[in-house]
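# Architecture at a glance
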Amino acid sequence: MDIFLQQIINGLTTGSVYAVVALGYTMVYGVIQLINFAHGEVVMIGAMVAFTVITSLAGGALPAPVILLTAVVAAIPVCMTIGYLLERIAYRPLRHAPRLAPLITAIGMSIILAHLALMVWGRNPKAFPQIIANPVFNIGEASISSVQISIILLSFTMMAGLSWFVYRTRFGIAMRATAEDVRIAGLMGVNADKVIAATFVIGAALGAVAGVMYGSYYGIIHYTMGFTLGLKAFSAAVLGGIGNLAGAMLGGLLLGLVEAMGSGYIGEITDLCQWSLTSSMLVEQCKDGGNFVLFGSNYQDVFAFLMLILVLVFRPSGLLGERVSERA
Amino acid sequence: MNKPESSPLLDALNLEVHYGGIAAVKGVSFSVMQGEMVCLLGANGAGKTSTLKALARMINSTGEIRYAGEKINELPSHVLINKGLALVPEGRGIFARLTIAENLTMGAYHRQDKAEIAADVERIFTMLPRLKERENQVAGTLSGGEQQMLAIGRALMGRPKLLLLDEPSMGLAPIMVAKVFEVIQSVAAQGVTIFLVEQNALLALKVCSRGYVMESGKITISDTAPNLLADARVRAAYLGE
């Protein structure tokens, strides 16, 4: 098997999901400088709602693609409502409070949403039903499944759609104006409450689709999944430069690729039997071409956070971020 | 210049602004008639900008503000442009990361008449040809004077009845100041009522018909522009004599 090409394909798939989730973080941060830590949970609830719709409709008269579409169409408004309520109930009253207050509230909302999901869907992992045939295509010695193709295509379509919305429509211009200076935008007649609520709702809608993509790809969902997924997508947003849309997309894809490459090669790299110094100490394990791997691919989560640390140390504003002092 | 009509477009009564426990504006009253161009003079820290921000509802104030006969003290700032009240803030307040065309689009954000908006953009570009050349550049790349022009052009996109201008000459080269004031005068000639805050008293009094002088949060002198130009106190304090 061609590990390199295969991991590129896998990395692009997970990276696309990270990118779509990262957009939710970066949009909200761009407009009100809040890290909405509950966004990962919104994605999780999207996956859970889709799971419920699919399991209750599967086996009925509806064709599988229609069921999947129904699941997505059901998950989107649920997540949009949660996104709206988060802003309205939890964050809006704290908009002029010191920045630490909404941040702590965000962490609290994340915990509350996760536990609401626990109460509704239970504590066991759910097998996300694979109701559509998933043919696999070979590219040289690597392969790509139709789920992977769909995820990549859908993500890129959503990213293009969002960019069009933000850069080409009047409301998008108003969003960017509000991000730059909420009070001056107010003088132009922009209702900041509306723009901020819309930012949350749009991010949540993208998150709902990301949740369904995640479930379809990994085949398993759990009420705690929003935490790690959210943290990784947040890392992706920081990597690209938080507040910057293109940065979130780039950061997400890059993070997915680094993670895939890392988990693809870490076993090979940390095989202690390849060096004479260490293999001489591990004679028993290394004989007959055996190996002693220090870190396996189960360490893949490390790479996202390793990258986050490296970015924070060497380029705190992110790859496409502006210098912080620019906001004068 | 348009002959002032008798009805006041803007009326402030006992306006007070506090920042925490500190009073920045201590009960000022003034009025601006329809079609008039009035200036508010004063040194740094006299409370001029706070007064304007209170009028545009960017900060809270006590006392009464009446615009076109309606009390606007409690309204949120984003509804004022719909009523024809626009502010060009201190330091220009353009959206540096938006293009010049997008800044103008924002100026007309509350309007729905697409064809008229497009016509207004062309009108602004004819008045300010430097902006037309750089239509699709981000506004942060403009010089200070060009940014001030853009800020005024953006406010005009809202078709205001009353234009509040906060220190349009600040930080500009003398030649640019002259150009900005030319534009302001041509706006006034189109019938827009103007309330101008300026530190440059000589310049302001040359274009305005009346003026108020503000000192440490209070209005101390109120008179016609020619009288103020002749007033010994004004000459001593603001014209360096």
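Residues numbered from 1 in each chain as written. Chains lettered and ligands numbered in written order. Predicted model: local features only at pLDDT ≥ 70, side-chain atom pairs only at ≥ 80, totals over all residues. Heavy atoms only, no water.

## Section: the overall build of chain B
- Across its full length, chain B holds nine helices and ten strands.
- The C-alpha atoms of chain B give a radius of gyration of 17 Å, which matches the 18 Å a tight globule of 241 residues would have.
- Expressed as lengths along the three principal axes of its C-alpha atoms, the size of chain B is roughly 45 × 40 × 40 Å.
- Within chain B, the proportion of its 241 residues that are buried is 53%. (Helix = DSSP H or I, 4+ residues; strand = E, 2+ residues; numbered from the N terminus. Rg over C-alpha atoms; globule rule 2.2 N^0.38 Å. Buried < 20%, exposed > 50% of the residue type's maximum accessible area, 1.4 Å probe, protein only.)

## Concerning the overall build of chain A
- A tally of regular secondary structure across chain A gives 13 helices and four strands.
- Rg of the C-alpha trace for chain A: 21 Å, near the compact-globule value of 20 Å for 328 residues, within the 12% margin.
- In terms of its C-alpha atoms, chain A occupies a principal-axis envelope of roughly 75 × 60 × 40 Å.
- Within chain A, contacts between residues at least 6 apart in sequence are counted, and of these 77% link residues at least 24 apart.
- For chain A, the accessible area works out to roughly 15,300 Å², and carbon and sulfur atoms hold 68% of it.
- Charge separation in chain A, taken as the distance between the mean sites of 16 positive and 15 negative side-chain charges, equals 17 Å. (Contact = heavy atoms within 4.5 Å. Areas by Shrake-Rupley, 256 points an atom, 1.4 Å probe, with all protein chains shown as cover. Lys, Arg positive; Asp, Glu negative; His and termini not counted. Charge placed at Lys NZ, Arg CZ, Asp CG, Glu CD.)

## Some thoughts on the nonpolar core
- Residues A:Tyr91, B:Met106, B:Leu164 and B:Phe195 are the most contacted members of the largest nonpolar core, which totals 123 residues.
- Setting aside anything within four residues of it in sequence, one finds B:Leu164 in contact with B:Leu52, B:Leu55, B:Ala56, B:Leu85, B:Ala86, B:Leu87, B:Val88 and B:Phe195.
- Residues B:Ile100, B:Ala155, B:Val187 and B:Cys208 belong to the second largest nonpolar core, which totals 50 residues. (Core = buried A, V, L, I, M, F, W, Y, C linked by side-chain atoms within 4.5 Å.)

## Considerations on the sheet that holds strand β2 (residues 22-33) of chain B
All names here are of chain B.
- The four strands are arranged β2-β1-β4-β5 in an open sheet whose pairing can be described as antiparallel. Either end of the sheet is taken by a strand with one partner, and the two such strands are β2 and β5 (70-71).
- Judged from the nine bridges that link them, strand β1 (residues 8-19) and β2 form a sheet pairing that is antiparallel. Across the sheet, Ala12 pairs through a bridge with Phe30, a residue of β2. (Pairing = 2+ DSSP bridges.)

## A few points about the interface of chain B and chain A
- Taken together, the contacts link 25 residues of chain B with 21 residues of chain A.
- Note on chain B versus chain A: buried area summed over both sides is about 2,100 Å², and carbon and sulfur give 59% of it.
- Per-residue buried area on chain B facing chain A is highest for B:His78, B:Arg97 and B:Tyr109; these three make up 35% of the total on that side.
- Put simply, chain B and chain A have one salt bridge between them.
- Where chain B packs against chain A, one counts five residue pairs in polar contact (both at pLDDT 80 or more).
- Sorting elements by how many residues they give to the side of chain B that touches chain A places helix α2 (residues 100-107) of chain B first, with four residues.
- Its residues assigned to classes, the side of chain B that touches chain A shows 13 nonpolar, seven polar and five charged. (Buried area = accessible area lost by both parts, 1.4 Å probe. Salt bridge = Lys/Arg side-chain N within 4 Å of Asp/Glu carboxyl O. Polar contact = N/O pair within 3.5 Å; in protein donor to acceptor, adjacent residues only side chain to side chain. Nonpolar A, V, L, I, M, F, W, Y, C, P; charged D, E, K, R; others polar.)

## Description of the pairing of strand β3 (residues 37-42) of chain B
- Here β3(B) lies mainly inside the structure; six of its six residues are buried.
- Here β3(B) shows two buried faces, one formed by B:Met37, B:Cys39 and B:Leu41 and the other by B:Val38, B:Leu40 and B:Gly42.

## Focus: the confidence of the model for chain A
- Of the residues in chain A, 98% have a pLDDT of 70 or more, and the chain-wide mean is 92.
- Within the model, pLDDT remains below 50 along residues 324-328 of chain A, and this stretch shows five contacts once partners closer than five positions in the same chain are excluded. (pLDDT = per-residue confidence, 0-100.)

## Comments concerning the packing of helix α5 (residues 146-168) of chain A against helix α10 (residues 245-269) of chain A
Residue and element names in this part refer to chain A.
- The interhelical angle for the contact between α5 and α10, taken along N-to-C directions, is 165°, at an axis separation of 11 Å. Classed by the angle they form, the pair α5 and α10 counts as roughly antiparallel. Classified by chirality, the crossing of α10 by α5 is left-handed. Packed against α5, whose contacting residues are Phe156, Met159, Leu162, Ser163, Val166 and Tyr167, the element α10 presents Leu245, Met249 and Leu253 at the interface.
- Class assignment of the residues belonging to the contact of α5 with α10 gives a composition of eight nonpolar, one polar and no charged. (Axes fitted to C-alpha atoms, helices over the stretch in contact; angles between N-to-C directions. Parallel < 35°, antiparallel > 145°, perpendicular 65-115°, else oblique. Left-handed = near helix turned anticlockwise from the far one by under 90°.)

## As for unusual backbone geometry
- If you check the backbone angles, A:Gln33 has positive phi at about 55° while not being a glycine.
- You can see A:Gln33 is positioned in the loop between α1 (3-32) and α2 (39-57).
- Note on A:Gln33: relative accessible area 28%, which makes it partly exposed.
- Residues other than glycine seldom take positive phi values, yet B:Arg92 does so here, at roughly 75°.

## Points about the sheet that holds strand β7 (residues 162-166) of chain B
Residues and elements named next belong to chain B.
- Overall, mixed pairing links the six strands, which are arranged β6-β7-β8-β3-β9-β10 in an open sheet. Strands at the two margins of the open sheet, each flanked by one partner only, are β6 (85-88) and β10 (218-224). Across the sheet, the axes of successive neighbouring strands diverge by a mean angle of 15°, strand direction being ignored.
- In this sheet, strand β9 (residues 210-215) lies alongside β3 in parallel orientation, the contact comprising five bridges. Bridge pairing in β9 places Gly42 opposite Met214.
- Together, β6 and β7 form the strand contacts of helix α5 (residues 144-156), whose direction differs from that of β6 by roughly 170°.

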